[in-house]
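Each chain, letter by letter, is given below.
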Amino acid sequence: MGTMLPASLFLAGLAFFFVGLEQLRTNLKQAIGRRFRAFLTKWTSKASMSALVGALFGAVTQSATAVAFLLLGLVIAGALPKRRAMVAVAWANVGTVALVWVAAVDIQLLIWYLIGLSGLVLGLGIATRMRVHAGAIWSIGLLLLGLKLMKDAATPITAEPWFASVAMVMQGSLLAAFVVGAVLRLVVQSSAALVIIAMTLAHQGVITSGQVLMVQAGTGVGVALSLVMLGRGLRGEHRQLAVFQATLNAIAGVSVGLAAWATAGQWWGPLAYVIGDGGDPQARLAVAYLAQQSLCAVVGTLLVGPLERMCERTCPPAPDQDIARPRYISEAALEDPGSALELVAREHARVVELLPDALDDARHDVRGPSVSRTGDAIASLLDSIESYMRDIMSRPLSADASMHAVALDQRHRALSGLRESIMSMVQVAREARRIDPDGQGAMLVGGLVEAFDGNLRTLAEAVRGNDDIEWSVLKEMTEDRGPAMEALRGRLSEASAQMAPEALRSALYATGVFERGMWLVRQQVALR
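Residues numbered from 1 in each chain as written. Predicted model: local features only at pLDDT ≥ 70, side-chain atom pairs only at ≥ 80, totals over all residues. Heavy atoms only, no water.

A.B. asks: So, the overall build of the protein chain: which residues are in play, and what are the values?
C.D. replies: Helices and strands together make up the secondary structure of the protein chain, namely 24 helices and zero strands. Just so you have it, the protein chain exposes about 24,500 Å², and 62% of that area is on carbon and sulfur atoms. (Helix = DSSP H or I, 4+ residues; strand = E, 2+ residues; numbered from the N terminus. Areas by Shrake-Rupley, 256 points an atom, 1.4 Å probe, with all protein chains shown as cover.)

A.B. asks: Describe the nonpolar core, and please don't skip the residues or the numbers.
C.D. replies: The biggest cluster of nonpolar side chains holds 63 residues, and the ones touching the most others in it are Leu-359, Tyr-388, Ile-422, Met-425 and Phe-452. Listing elements by their share of this core, those giving two or more residues are α17 (319-324), α18 (337-358), α19 (373-393), α20 (399-435), α21 (440-465), α22 (468-477), α23 (482-494) and α24 (501-526). Those residues in contact with Leu-359, other than ones at most four positions away along the chain, are Ile-422, Met-425, Val-426, Val-449, Phe-452, Asp-453 and Leu-456. In terms of nonpolar packing, the next biggest core, distinct from the first, is built from 40 residues, Ala-90, Leu-227, Ala-246 and Val-299 among them. (Core = buried A, V, L, I, M, F, W, Y, C linked by side-chain atoms within 4.5 Å. Buried < 20%, exposed > 50% of the residue type's maximum accessible area, 1.4 Å probe, protein only. Contact = heavy atoms within 4.5 Å.)

A.B. asks: Go over the packing of α21 against α22 with me, naming the residues and quoting the values.
C.D. replies: Close contact between α21 and α22 brings their axes to 9 Å; oriented N to C, the two are set at 155°. In terms of orientation, α21 and α22 fall into the roughly antiparallel class. Regarding α21 and α22, the two cross each other, and that crossing is left-handed. Touching Gly-454, Asn-455, Thr-458, Leu-459, Glu-461, Ala-462 and Val-463 of α21 are Glu-470, Trp-471, Leu-474 and Met-477, all from α22. Residue composition of the contact of α21 with α22, by class: six nonpolar, three polar and two charged. (Axes fitted to C-alpha atoms, helices over the stretch in contact; angles between N-to-C directions. Parallel < 35°, antiparallel > 145°, perpendicular 65-115°, else oblique. Left-handed = near helix turned anticlockwise from the far one by under 90°. Nonpolar A, V, L, I, M, F, W, Y, C, P; charged D, E, K, R; others polar.)

A.B. asks: Residue-level account of the packing of aromatic side chains, with values.
C.D. replies: Scanning the entire structure with this criterion turns up one aromatic pair. Relative to Phe-514, the ring of Phe-452 lies with its centre 6.2 Å away and its plane at 90°, an arrangement referred to as edge-to-face. Linking Phe-452 in helix α21 with Phe-514 in helix α24, this pair joins segments that are 62 residues apart in sequence. Judged on exposure class, the residue Phe-452 and its partner Phe-514 are both buried. (Phe/Tyr/Trp six-rings, centres within 6.5 Å; stacked < 30°, edge-to-face > 60°.)

A.B. asks: Tell me about the side chain of Glu-308, and name the residues and values.
C.D. replies: Its place among the elements puts Glu-308 in helix α16 (residues 304-314). A relative accessible area of 11% places Glu-308 in the buried class. At 2.7 Å, the side chain of Glu-308 and the side chain of Arg-83 are in polar contact. In this structure Glu-308 touches Lys-82, Arg-83 and Met-86, once residues within four positions along its chain are discounted. (Polar contact = N/O pair within 3.5 Å; in protein donor to acceptor, adjacent residues only side chain to side chain.)

A.B. asks: So, the environment of Ala-7: which residues are in play, and what are the values?
C.D. replies: Tracing the sequence through the fold places Ala-7 in helix α1 (residues 4-31). Sequence-wise, Ala-7 and Val-187 are 180 residues apart; in three dimensions their C-alpha atoms are separated by 10.0 Å.

A.B. asks: If you had to explain the environment of Leu-408 to someone new, which residues and values would you point to?
C.D. replies: The residue Leu-408 is located in helix α20 in this model. The buried category is assigned to Leu-408, whose relative accessible area is 2%. Along the sequence, Leu-408 and Arg-528 sit 120 residues apart, while their C-alpha atoms lie 9.7 Å from each other. Beyond its immediate stretch of four places on either side in the chain, Leu-408 contacts Leu-341, Val-344, Ala-345, His-348 and Met-389.

A.B. asks: Please provide a residue-by-residue account of the pattern of salt bridges, values included.
C.D. replies: Side chains carrying opposite charge are able to pair once their charged atoms draw close together. The tally for this structure, following the rule as stated, stands at ten salt bridges. With its nearest N and O atoms 3.5 Å apart, the salt bridge here joins Arg-350 to Glu-347. Here Arg-350 and its partner Glu-347 are both found in helix α18, three residues apart, which amounts to about one turn of the helix. Comparing Arg-350 with Glu-347, the two get one shared label, buried. Salt-bridge contacts for Arg-464 lead to Glu-353; the nearest nitrogen and oxygen are separated by 2.8 Å. Of this pair, Arg-464 sits in helix α21 while Glu-353 is found in helix α18, placing the two residues 111 residues apart along the sequence. In this structure Arg-464 comes out as exposed when scored by relative accessible area, which is 54%. (Salt bridge = Lys/Arg side-chain N within 4 Å of Asp/Glu carboxyl O.)

A.B. asks: Mind laying out the packing of helix α13 (residues 240-263) against α16, listing which residues take part and the relevant values?
C.D. replies: Axis separation between α13 and α16 bottoms out at 9 Å; the angle between their running directions is 125°. One finds that α13 runs oblique with respect to α16. Crossing handedness for the pair α13 and α16: right-handed. On α16, the residues that touch Gln-240, Val-243, Phe-244, Thr-247 and Leu-248 of α13 are Leu-307, Met-310, Cys-311 and Glu-312. Class assignment for the residues of the contact of α13 with α16 results in six nonpolar, two polar and one charged.

A.B. asks: I'd like to hear about the environment of Gly-13, residue by residue, with values.
C.D. replies: Following the sequence through the fold, Gly-13 ends up in helix α1. We classify Gly-13 as buried; its relative accessible area is 0%. Once the C-alpha coordinates of Gly-13 and Leu-144 are considered, the two residues, 131 residues apart in sequence, prove to be 9.1 Å apart.

This is the structure:
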């Protein structure tokens, strides 16, 4: 029972962390508007300001790991350029030094306020206009709560008999202290807390001050391993910020560890004050921690270019991440709403070109476990376009620009609905193949997929060439399919005795999805 509670706390903390991170990405995409992007652009326009923002984030959250994932959400949402985020992450390590100087600091009260107030807004429907922002705050609270639970799960460990055995192993061995610091950092999720525990053991005479420094150095490697593990669910450029932070901490931890190991016998140089017996132990801890975290910041600032290129080589952007990134719309174009609307139209044309690719996962030769990543990337792109359109409509518009904006808004809604129909078709096709790969239901759904694909590709060609003949052909292809669909459903009902009930339901659902998809394609013809 003694180890079950820490294990369950750690598992719950891990779950809260990942749920908070996922919700934070989603909410930030919806919550961040042009004003906030302009605010962050201003405050991170220089390396010094990015460093200040990062240090403040580190001091408030008490975790450089949390800052890395919080800023990752802003980068994904398009509110913060990646290189500026890297500088901020580097200096977030320095911000955590505040914890060492005030070791008793606890943000538990802040976490409860974040979750409690935002939860009331979401649960009671208060201030509905702020619902998305409240969701982002709720997500941050869950993320920080997850890290705190993982940290709290480690507290009872110090009372376990085996922990005393680990402390005894460290006696007389600087390398053992380094390894123990790295391993325990994976569990404790707080370098400051782990070093404070080590200082307590030193005060009791269990380990030496030099071994405390090696434990602290080991936490740098532990932070790197923790970030790699927590970032396993990320791909491509979304993983680059975690790799950057992991690299900085590994460099700092190994550097301090090698320096401490090389000088421990002679006790000379800058480490003499830290390793030596004179002075206040808490002050020695603070100086050592400041030195290691400052090394992260200095290396991250001076080598941000080479490290960014290294991260890009290690974690190249995935194809769907390139799709999700807007190609034409820009903040500068907002000064001329007419030009900005033309850029939106170009993004819409790009979406139309991508739609057939989103349907590929519905084909028989694709047997992955999840729906199309292309479809998810298109959804992210449409969210960015929608946010940009809101920024345009918040500005004074001429009569012509207003009419153009309304038409683009209608087209945008139709494209969003068309993407949803495509993803529904992907899911029903997979379901039909799962039930009976060679049955009538799967064959019928496969035929609808091919017909849907033909209409989507004709739409893409019409948009690309803006040819009247193509538009006329598309209009004829998407004429009212009601009678044909009813006849098809009738044939399915007649054949129901030879089909499994699940297969029949899937086939009938597919006819409805196809009919709606054709109506949405016809809307694009009407809105050209």
